[in-house]
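Here is how the chains run, residue by residue.
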Amino acid sequence: MLDTQALLHTLSERVRALLAERAVVDPALVGIHTGGVWVAEYLHRALGLTTPLGRLDIAFHRDDFGRIGMHARVHPSELPFDVDGRHIVLVDDVLYTGRSVRAALDNLFAYGRPASVLLAVLVDRGGRELPIQPDAVATRIELAPGESVKLSGPEPLQLVLLPHKP
Amino acid sequence: MNAAHIQLDKHGRLLHFLTIEGLSRRHLTDILDTAESLTGVAERRVKKLPTLHGKTVVNLFFESSTRTRTTFELAAKRLSADVLNLNISTSSTAKGETLLDTIRNIEAMQCDMFVVRHQQSGTAEFIARHVKPHIAVLNAGDGRHAHPTQAMLDMFTIRRHKRDFANLRVAIVGDILHSRVARSQIHALNILGTGEVRVIAPRTLLPAAVESFGVRVFHDLGQGLKDVDVVIMLRLQKERMQGALLPSESEYFQRYGLTRERLALAHPAAIVMHPGPINRGVEIESEVADGPQSVILEQVTNGIAVRMAIMSITLGNHAQPAEARG
């Protein structure tokens, strides 16, 4: 059983430490829809940031459109700040293959040229297919292929382990 | 099987977009929601998404059009597709080539989507029946039958201003008889659960048994406009008007032209729409067309996002059969 609230707290402390270490002042948080946005909302409150939260939907940037088409639910992306020269913390709930993060970076750069991008995730479950690694992570877990973990929410936020689908 | 059926696969997903008729509220709201998330693209520095990279979209226009063809072209380009514009009225058919031969030839150029406009009803459906299975067909207007993408961009514009359809009174004014736009709008408004849909027109410009479409009929503009939230003006289709359906343009304007005085009869927050191109001084006065309640140019802008949504949904549904999804 994963203690989601404790993990959220751990992640916020690790992001706080990371920002201090890098001397980043006034970063902008960007959550990836939908779970990443929930985690980013928590971090935004916990870190007391002033820059409004950004939200990215990656449906139109995915690399599997040619195989599986459109995802049913698409949300508007909104970045309510100037991306140029900003230090950005990209936030997702679960890091797996790295393909979502690649799509999110692609989407982010369509808005401008950030000064830097850090990646914060609640859970790293391994299984990367791209050279993408998190800068802040609350926990790492081992899952068999076919098993998955997802964040349900928004109230309460709860990590759920899903068994292998037949 | 008619157009309403062949546009869906056996799981009820949109493969083509030929007509609004027969679609569910879910189909329409999915398109509107997807379009909503695509409007932000125009505000980015890079107004382009990689979604349809490597796909080829063919605009097959057998009837002239500027706005519709251009917004389809822009929609495809913003999704990174390659676009071919074919104006057939001046090309192959003039040399005697049949429609099917034209389609086979363009198919042989390995394209993925046909956007079709034709003066004859049912052409897009005919093409959808005959193309290879990987090709999506979008109807960009067929005869008097349907113009479903126009209706969807109108629904999108209404929803952005008025939110809930259930409490709305919407009036469509003018040449309903010749209007494929009006037909598609009436279907869409009813599927979305619009409180009241009115049509306002002289008897000669209404189809027989128009009430059966689920509309209230008015012949007097003043009465029909009372308390409406949305006024949709239609263009007087001069090119389709043969015979004595109307006394004269000036008399039409006197009875059915939208003036500021008449618009004052509608709800004070009513919006004025028009699919374009507008005939100033025939169905609408310039002061209204350019006035604060007019959303006519917004409709044009919204057309891009709505067409991007329909393109990504239909081509996406060609990508993989539903049973292979998780």
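Residues numbered from 1 in each chain as written. Chains lettered and ligands numbered in written order. Predicted model: local features only at pLDDT ≥ 70, side-chain atom pairs only at ≥ 80, totals over all residues.

> Quick rundown of the overall build of chain A? Include the residues and the values.
Scanning chain A from N- to C-terminus turns up four helices and seven strands. Reading the helices (α) and strands (β) of chain A from amino to carboxyl end gives α-β-α-β-α-β-α-β-β-β-β. Taking 166 residues into account, the globule formula puts the C-alpha radius of gyration at 15 Å, and chain A, at 15 Å, falls close to it. Along the three orthogonal principal directions, the C-alpha set of chain A runs to about 45 × 35 × 30 Å. Expressed as a percentage of the 166 residues in chain A, the buried residues total 39%. (Helix = DSSP H or I, 4+ residues; strand = E, 2+ residues; numbered from the N terminus. Rg over C-alpha atoms; globule rule 2.2 N^0.38 Å. Buried ≥ 20, exposed ≤ 12 C-beta atoms within 10 Å, placed from the backbone.)

> Which residues make up the overall build of chain B, and what values go with them?
Along the backbone of chain B there are twelve helices and nine strands. Taking 326 residues into account, the globule formula puts the C-alpha radius of gyration at 20 Å, and chain B, at 20 Å, falls close to it. Its C-alpha atoms give chain B principal-axis dimensions of about 55 × 45 × 40 Å. In chain B, which comprises 326 residues, the proportion classed as buried is 49%. Contacts in chain B between residues at least 24 apart in sequence constitute 77% of all its contacts with a sequence separation of at least 6. (Contact = placed C-beta atoms within 7 Å.)

> Help me get a handle on the pairing of strand E4 (residues 136-142) of chain B, residues and values and all.
Burial analysis of E4(B) places seven of its seven residues in the buried class, the great majority of the element. For the crossover from strand E3 (residues 113-118) of chain B across helix H5 (residues 123-130) of chain B to E4(B), the handedness is right-handed. (Right-handed = clockwise from strand over helix to strand, strands pointing away.)

> Give me the lowdown on the confidence of the model for chain B, citing residues and values where you can.
On average, residues of chain B score 92 in pLDDT, and 94% of them are at 70 or above. Reported confidences for the modelled complex are a pTM of 0.89 and an ipTM of 0.77. (pLDDT = per-residue confidence, 0-100.)

> Please give an account of the confidence of the model for chain A that cites residues and values.
Averaged over chain A, the pLDDT score is 93; the fraction of residues at 70 or greater is 98%. Mean pLDDT values over the elements of chain A span from 80, in helix H3 (residues 65-68) of chain A, up to 98, in strand E4 (residues 116-124) of chain A.

> Go over the nonpolar core, please, and point to the residues and values.
Residue and element names in this part refer to chain B. Formed by 142 residues in total, the largest nonpolar core has its most connected members in Met113, Val173 and Val231. By residue number, the principal contributor to this core is helix H12 (residues 296-319), which donates ten residues. Excluding residues that lie within four positions of it along the chain, valine 173 makes contacts with Ile200, Ala201, Leu221, Val231, Ile232, Met233, Leu234, Tyr256 and Leu258. (Core = buried A, V, L, I, M, F, W, Y, C linked by C-beta atoms within 7 Å.)

> I'd love a proper account of the pairing of strand E6 (residues 148-152) of chain A, names of residues and values included.
All names here are of chain A. The pairing of E6 with strand E7 (residues 158-162) spans five bridges and is classified as antiparallel. Each residue of the ladder has a partner; that of valine 149, found in E7, is leucine 161. Between the end of E6 and the start of E7, which pair antiparallel, lie five residues. (Pairing = 2+ DSSP bridges.)

> So what about the sheet that holds E4(A)? Which residues, and what values?
Residue and element names in this part refer to chain A. Spatial strand order, E2-E1-E3-E4-E5: five strands in an open sheet with parallel pairing. The open sheet has two edge strands, strand E2 (54-56) and strand E5 (136-140), and neither has a second partner. On average, each strand axis in the sheet is tilted by 25° relative to the strand beside it, whichever way the strands run. Judged from the four bridges that link them, strand E1 (residues 28-32) and strand E3 (residues 87-95) form a sheet pairing that is parallel. Residue valine 30 lies in a different strand from E3, and its bridge partner there is leucine 90. Strands in contact with helix H1 (residues 4-21) are E3, E4 and E5; relative to E5, the strand with the most contacts, it is inclined by about 145°. (Axes fitted to C-alpha atoms, helices over the stretch in contact; angles between N-to-C directions.)

> Report on unusual backbone geometry, specifying residues and quantitative values.
Glycine aside, negative phi is the norm for most residues, and most peptide bonds take the trans geometry. A:Thr34 follows A:His33 through a cis peptide bond whose omega is -5°. Examined against the element boundaries, A:Thr34 turns out to sit in the loop between E1 and helix H2 (35-47). Its identity as a non-glycine residue notwithstanding, A:Asp26 has a phi of 50°, on the positive side. By the element assignment, A:Asp26 lies in the loop between H1 and E1. Not every positive phi belongs to a glycine, and B:Gln110 is a case in point at roughly 60°. Looking at the element boundaries, B:Gln110 is found in the loop between helix H4 (99-107) and E3. Here B:Gln110 falls in the exposed class, since 10 other C-beta atoms lie within 10 Å of it.

> Which residues make up H1(A), and what are the values?
All names here are of chain A. Here H1 spans 25 Å end to end across 18 residues, near enough to the 26 Å set by a 1.5 Å rise per residue. Lining the buried residues of H1 we find H2, E3, E4, E5 and E7. Downstream of H1 by a residue or two, alanine 23 has a phi angle that is positive, lying close to 55°. (Expected span 1.5 Å × (residues − 1).)

> Run through the packing of helix H6 (residues 148-162) of chain B against H12(B), naming residues and quoting values.
Residues and elements named next belong to chain B. With their axes 8 Å apart at the nearest point, H6 and H12 run at an angle of 115° to one another. Taken as a pair, H6 and H12 cross one another with a handedness that is right-handed. Side by side, H6 and H12 meet where Thr149, Met152, Leu153, Asp154, Phe156 and Thr157 of the first sit next to Glu298, Gln299, Asn302, Gly303, Val306, Arg307 and Ile310 of the second. Across the contact of H6 with H12, the residue classes tally to five nonpolar, five polar and three charged. (Left-handed = near helix turned anticlockwise from the far one by under 90°. Nonpolar A, V, L, I, M, F, W, Y, C, P; charged D, E, K, R; others polar.)

> Give me the lowdown on the packing of helix H2 (residues 25-38) of chain B against H6(B), citing residues and values where you can.
Residue and element names in this part refer to chain B. With their axes 10 Å apart at the nearest point, H2 and H6 run at an angle of 70° to one another. Classified by the angle between their axes, H2 and H6 sit roughly perpendicular to one another. Relative to H6, the crossing made by H2 is right-handed. On H6, the residues that touch Leu28, Ile31, Leu32 and Ala35 of H2 are Met152, Met155, Phe156 and Arg159. Tallied by class, residues from the contact of H2 with H6 come to seven nonpolar, no polar and one charged. (Parallel < 35°, antiparallel > 145°, perpendicular 65-115°, else oblique.)

> Account for the sheet that holds strand E1 (residues 56-61) of chain B, naming residues and giving values.
Residues and elements named next belong to chain B. Across the sheet, which stays open at both edges, the four strands sit in the order E2-E1-E3-E4 with parallel pairing between neighbours. Both outer strands of the open sheet, strand E2 (82-87) and E4, are each paired with one neighbouring strand and no more. This sheet shows a mean twist of 15° between the axes of neighbouring strands, independent of strand direction. Relative to E3, E1 runs parallel, the two sharing five bridges. Among the inter-strand pairings, valine 57 is bridged to a residue of E3, identified as methionine 113.

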